[in-house]
Amino acid sequence: MITPFQALACPLDGAPLIPAGAAWRCASGHSFDIAAQGHTHLLPVQQKRSRDPGDSKEMVSARRRFLETGVYAPIAAAVSRAVLDAGTADRPLACLDAGCGEGYYLRSLAGAAEAAGQDLAVLGLDISKWAVLAAAKQERRMGWVVGSNANLPVLPATLDRLLCLFGFPVYPEFARVLRPGGLLIQVDAGPDHLRELREVIYPVLKPERPLNHTPPPGFALDGQDSVRYTTDLQGAALIADLLLMTPHLFRATAEGRARAAALTALRVTVDVRLTRYRRG
Ligand SMILES: C[S@@+](CC[C@H](N)C(=O)[O-])C[C@H]1O[C@@H](n2cnc3c(N)ncnc32)[C@H](O)[C@@H]1O
Ligand SMILES: [Zn+2]
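Computed from a predicted model, the values in this text were never measured in an experiment.

Around ligand 1, the structure places 18 residues, and the nearest of them are Asp-55, Gly-99, Asp-126, Asn-149 and Leu-165. At 3.5 Å, a side-chain N or O of Ser-148 approaches a nitrogen atom of ligand 1. Leu-165 places a main-chain nitrogen or oxygen 2.9 Å from a nitrogen atom of ligand 1. Relative to its unbound accessible surface of 600 Å², ligand 1 loses 87% to contact with the protein. Mapped by element, the contributors of at least two residues to the shell around ligand 1 are α1 (57-68) and β7 (120-126). For the shell around ligand 1, the per-class residue count stands at 8 nonpolar, 7 polar and 3 charged.

Right, here's the structure in full:
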């Protein structure tokens, strides 16, 4: 069974949040309304760096359309394996996706967990209200919150798995919320990821920064896999969506963007690293 993760913490003082009708409330009386779509805003205004932080509505829609085509399904399958192969439990595994976007990887994980007979208690968190709204609309069985990785609204040592997929890791926070023995599963772009697209939009490719896999404080390296394949992107709309959901659109020159907009098909390499860190 897939259920919402319940061990939420007040983003203002860290106290446990208790469900109270259509809101979450802490003992000091801070109250956070649950929206009609089922998600909760747990990002206080003083913790926001901008008025509308994170991915825009357009980026979220582009990512949803792109992921729905299944082009990244092998990445989702690798993430689900990493979550479930590390050991099943006779209680629900508590899972957080920190920077969940519109929830594609959690929906895929739910399917894999059901097939494996593993119960999950799930929370998807993103700083973008557009991403969380899109996620909540598509899947009612999970908990969804607008919040920040810099101040996770989660009680200490309550999670078995924490996903950070193409995201922005804040390791001290991840260490705080994972149980001892819990796993941090991180996915990052590898050196050849979308190389052919980058060759179209940039005059010269920047040398890749080597991926750093030194375990963060409080973690030990549990293992690493590479997910690598080529895929044919058909149609200008799909290529435009891919460009919109990556940072490349903002970094490209006008000429680079025009070259990408003229494409109607492109064979690209998908090259990502999945790293597992275990909380000590
Ligand atoms: C490249 S997207 C990846 C989304 C999703 N993990 C996926 O792969 O489909 C990065 C996401 O991180 C979110 N984000 C950015 N800063 C964040 C923060 N401080 N805390 C939580 N999420 C953040 C963005 O809104 C965006 O949805
Ligand atoms: Zn409070």
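Still to come is the rest of the account.
Judged by nonpolar contacts, the single largest core of 57 residues is most densely connected at Phe-66, Tyr-72 and Ile-75. The biggest single contributor to this core is helix α2 (residues 73-85), with 7 residues. The residues touching Tyr-72, leaving out its near neighbours within four places in the chain, are Phe-66, Leu-67, Tyr-104, Tyr-105, Phe-166, His-193, Leu-194, Tyr-229, Leu-242, Met-245 and Val-270. Within the second largest apolar cluster, 30 residues are counted, among which are Cys-10, Ala-15, Val-154 and Leu-162.

Applying the stated criterion across every chain yields a total of 5 aromatic pairs. Ring centres of Tyr-72 and Phe-166 lie 6.1 Å apart, and the angle between their planes is 25°; this geometry places the pair in the stacked category. On the criterion of sequence distance, the pair formed by Tyr-72 in the loop between α1 and α2 and Phe-166 in the loop between β9 (159-165) and α5 (171-177) is long-range, its members being 94 residues apart. Look at Tyr-171 and Phe-174: their rings are 6.3 Å apart centre to centre, the planes differ by 85°, and that puts the pair in the edge-to-face class. With Tyr-171 and Phe-174 both in helix α5, this residue pair falls 3 residues apart, about one helical turn. Given the relative accessible area of 24%, Tyr-171 is considered partly exposed. Using a relative accessible area of 0% as the deciding quantity, one classes Phe-174 as buried.

Attention now moves to the coordination of the zinc ion (ligand 2). All of the protein donors around the zinc ion (ligand 2) are Cys-10 (SG), Asp-13 (OD), Asp-13 (OD), Cys-26 (SG) and His-30 (ND1); their distances to the metal are 2.1 to 2.7 Å. Look at where the donors of the zinc ion (ligand 2) fall in the sequence and you get C-x2-D-x12-C-x3-H.

At 3.6 residues per turn, the α-helix brings residues three or four places apart onto the same side. End to end, α2 covers 18 Å across 13 residues, agreeing with the expected 18 Å (1.5 Å per residue, within 8%). Within α2 the residues assigned to the buried category are Ile-75, Ala-76, Ala-78, Val-79, Ser-80, Ala-82, Val-83 and Leu-84. On its buried face, α2 sits against β6 (93-98), α3 (104-116), β9, β10 (178-189), β11 (219-234) and β12 (265-279). Gly-87 sits one or two residues past α2 and shows a positive phi near 125°.

What follows is about the packing of α2 against α3. It is at 9 Å that the axes of α2 and α3 come closest, and there the two elements cross at 55°. Looking at the two axes, α2 sits oblique to α3. By crossing handedness, the relation of α2 to α3 is classed as right-handed. For the pair α2 and α3, the contacting residues are Ala-73, Ile-75, Ala-76, Ser-80, Val-83 and Leu-84 in the first and Tyr-104, Tyr-105, Ser-108, Leu-109, Ala-112, Ala-113 and Ala-116 in the second. Tallied by class, the residues present in the contact of α2 with α3 amount to 11 nonpolar, 2 polar and no charged.

Rules used throughout
Residues numbered from 1 in each chain as written. Chains lettered and ligands numbered in written order. Predicted model: local features only at pLDDT ≥ 70, side-chain atom pairs only at ≥ 80, totals over all residues. Heavy atoms only, no water. Near = heavy atom within 4 Å. Polar contact = N/O pair within 3.5 Å; in protein donor to acceptor, adjacent residues only side chain to side chain. Areas by Shrake-Rupley, 256 points an atom, 1.4 Å probe, with all protein chains shown as cover. Helix = DSSP H or I, 4+ residues; strand = E, 2+ residues; numbered from the N terminus. Nonpolar A, V, L, I, M, F, W, Y, C, P; charged D, E, K, R; others polar. Core = buried A, V, L, I, M, F, W, Y, C linked by side-chain atoms within 4.5 Å. Buried < 20%, exposed > 50% of the residue type's maximum accessible area, 1.4 Å probe, protein only. Contact = heavy atoms within 4.5 Å. Phe/Tyr/Trp six-rings, centres within 6.5 Å; stacked < 30°, edge-to-face > 60°. Donors = N, O, S within 2.8 Å, 3.2 Å for Na, K, Ca; no water. Expected span 1.5 Å × (residues − 1). Axes fitted to C-alpha atoms, helices over the stretch in contact; angles between N-to-C directions. Parallel < 35°, antiparallel > 145°, perpendicular 65-115°, else oblique. Left-handed = near helix turned anticlockwise from the far one by under 90°.

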